[in-house]
Amino acid sequence: MVGFIPEAELDRVLARLAGPYRLYVPVSCAGRVELGEWSPGIRPVLEGRAYGTAKQLFLPRSEELFAFGTHPDGTPRVVQPERDRRPLALFGLRPCDARAIGMLDQVFLGQDPPDDPYRERRQGALLMGLVCSRPGRACFCAQVGGSPAGTAGLDLLFTRIGGGFCVEAVSTAGEAHAAQEDWPAATAAQVAGAREIQQAAAPAAMATPGLAQELEARFEDEVWARLHEKCLGCAACTFFCPTCHCFDVMDAGSYDHGTRLRCWDSCMFPKFTLHASGHNPRLSGKERMRQRVMHKFCYYPLRFGPEACVGCGRCIEVCPVNLDIRAVLAELGGSE
Ligand code: SF4
Ligand code: SF4
């Protein structure tokens, strides 16, 4: 069944979620759209995708894994950090960002054993997406197998039509949640309106079959030397990417008293692969740019299937030297 929520009722729907869930919505922040925790009075921004990504809610920029020390008798002491254990709920998530969370799931949950801090945050999370009716200038989700009306990774899909939202459950968790709610059924005209918006938003997907194999064969190609020339190695592209997930683990404090931290890291930094011996297998920007592109469009798809890029366009928007991943792909023979 497709439900309908009048726009004036949205606050009430969000308020019901905010008790049992930690609820995040797109908010206006210093002239940009960012994901922020909802509280009464906050109106979600319904146009434009967030500048930052939802990945930071499941894989924080920096997190304490545990504190360590010693008991008075000299035995080791390990203390787990206090966390808000309520599940996360995200409203207004863009289909590209939901798809990216599915890709992070493959990495952090698809392994044995799964990654515990990620699993704790992901467990029971409710992902509510909003159809993108006006993609941004740097968006290219359809070229990498996505769609502005895509449902991958989502539990509920909201389509904004005149006066409100059509809501559809698109996962088992979404169906269970919809069954608890008292949303009235959308009328036939409202459903038809939603379908029209979804179809207009969903251009034919043009994935790039064979790109992973093509890139694998071009590992030593001279093109890499040219592609990295402009790059400053600032790593903004990877920190803003919803699918990049490299991290470093470090201890803060002293040998016998401190905290173990996990912090985002980036393959675009020269020291990312520096060995203790002093050897660095990715010595120049050429190797680092190649790694970033190969990971997204060759290694990840060969291992998991889809490309590890959802076409959100953030790396294009934040790059200080306008290095455009679409142009890189075009140069390498993928779609532009
Ligand atoms: S944002 Fe641009 S300059 Fe910075 S590391 Fe990425 S590609 Fe290089
Ligand atoms: S590579 Fe760029 S366009 Fe692709 S998902 Fe990452 S930030 Fe978005």
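Quick caveat, the model's predicted, so the values are computed rather than measured. (Residues numbered from 1 in each chain as written. Chains lettered and ligands numbered in written order. Predicted model: local features only at pLDDT ≥ 70, side-chain atom pairs only at ≥ 80, totals over all residues. Heavy atoms only, no water.)

> Just checking my understanding: could you explain the packing of helix α10 (residues 285-304) against helix α12 (residues 325-332) for this structure?
Angle between the axes and distance between the axes are the two parameters that describe a pair of packed helices. Where α10 meets α12, the axes come as close as 12 Å, and the angle between the chain directions of the two elements is 75 degrees. Of the possible angle classes, the one that applies to α10 and α12 is roughly perpendicular. Along its contact with α10, which presents Arg292, Val293 and Phe297, the element α12 presents Ile325, Val328, Leu329 and Leu332. Its residues placed into classes, the contact of α10 with α12 shows six nonpolar, no polar and one charged. (Axes fitted to C-alpha atoms, helices over the stretch in contact; angles between N-to-C directions. Helix = DSSP H or I, 4+ residues; strand = E, 2+ residues; numbered from the N terminus. Parallel < 35°, antiparallel > 145°, perpendicular 65-115°, else oblique. Contact = heavy atoms within 4.5 Å. Nonpolar A, V, L, I, M, F, W, Y, C, P; charged D, E, K, R; others polar.)

> What am I meant to see in the side chain of Arg49 here?
Examined against the element boundaries, Arg49 turns out to sit in the loop between β3 (32-37) and α2 (55-58). Given the relative accessible area of 14%, Arg49 is considered buried. One polar contact links the side chain of Arg49 to the main-chain carbonyl oxygen of Cys312, over a distance of 3.0 Å. Here the side chain of Arg49 touches Glu317 through a polar contact of 3.2 Å, side chain to side chain. When sequence neighbours within four positions are dropped, the list of residues in contact with Arg49 reads Val33, Arg94, Cys312, Gly313, Arg314 and Glu317. (Buried < 20%, exposed > 50% of the residue type's maximum accessible area, 1.4 Å probe, protein only. Polar contact = N/O pair within 3.5 Å; in protein donor to acceptor, adjacent residues only side chain to side chain.)

> Even after reading the chapter, I still don't get the site of ligand 1, so can you show me in this structure?
Taken together, the residues surrounding ligand 1 are Cys231, Leu232, Gly233, Cys234, Ala235, Ala236, Cys237, Met268, Cys319, Pro320 and Val321. Classifying every residue of the shell around ligand 1 by side-chain character gives 10 nonpolar, one polar and no charged. (Near = heavy atom within 4 Å.)

> I would appreciate a short explanation of the sheet that holds strand β4 (residues 62-70) in the present structure.
Either a parallel or an antiparallel arrangement is found when strands of a sheet pair, and the pairing is made through backbone hydrogen bonds. Taking strand neighbours across the sheet as the criterion, the four strands line up as β5-β4-β11-β10 in an open arrangement whose pairing is antiparallel. Each of the sheet's edge strands pairs with one partner strand only, and the pair in question is β5 (76-79) and β10 (247-254). The mean angle between the axes of side-by-side strands here comes to 20 degrees, regardless of whether they run parallel or antiparallel. Bridge count for β4 against strand β11 (residues 257-264) is six bridges, and the pairing is antiparallel. Note that in β11 the partner of Glu64 across the bridge is Leu261. (Pairing = 2+ DSSP bridges.)

> Would you mind going over the packing of aromatic side chains with me for this structure?
Two descriptors summarise a pair of aromatic rings, namely the distance from one centre to the other and the angle between the planes of the rings. Scanning all chains against the criterion turns up 10 aromatic pairs. Seen in terms of ring centroids, Tyr300 and Phe304 are 4.7 Å apart; in terms of plane orientation they differ by 50 degrees. Their pairing is tilted. Here the residue Tyr300 and the residue Phe304 both occupy positions in helix α10, the gap between them amounting to four residues, near one helical turn. Accessibility expressed as a relative area gives 3% for Tyr300, which makes it buried. According to the relative accessible area criterion, Phe304 is partly exposed, its value standing at 21%. Counting every residue linked through ring pairs, the aromatic cluster contains Phe58, Phe108, Tyr118 and Phe247. Here the basic side chain of Lys55 rests over the ring of Trp264, its NZ or CZ set 4.5 Å away from the ring centre. (Phe/Tyr/Trp six-rings, centres within 6.5 Å; stacked < 30°, edge-to-face > 60°. Lys NZ or Arg CZ within 6 Å of the ring centre and 35° of its normal.)

> Please clarify how the site of ligand 2 should be interpreted in this entry.
As a matter of local geometry, ligand 2 sits amid Phe140, Cys241, Pro242, Lys296, Cys309, Val310, Gly311, Cys312, Gly313 and Cys315. Considered class by class, the residues forming the shell around ligand 2 number seven nonpolar, two polar and one charged.

> What should I look at first to understand the environment of Arg85 in this one?
Following the sequence through the fold, Arg85 ends up in the loop between β5 and β6 (88-93). For Arg85, a relative accessible area of 52% translates into the label exposed. Along the chain, Arg85 and Gln123 lie 38 residues apart, while their C-alpha atoms are 9.9 Å from each other. Here the side chain of Arg85 touches Glu120 through a polar contact of 2.5 Å, side chain to side chain.

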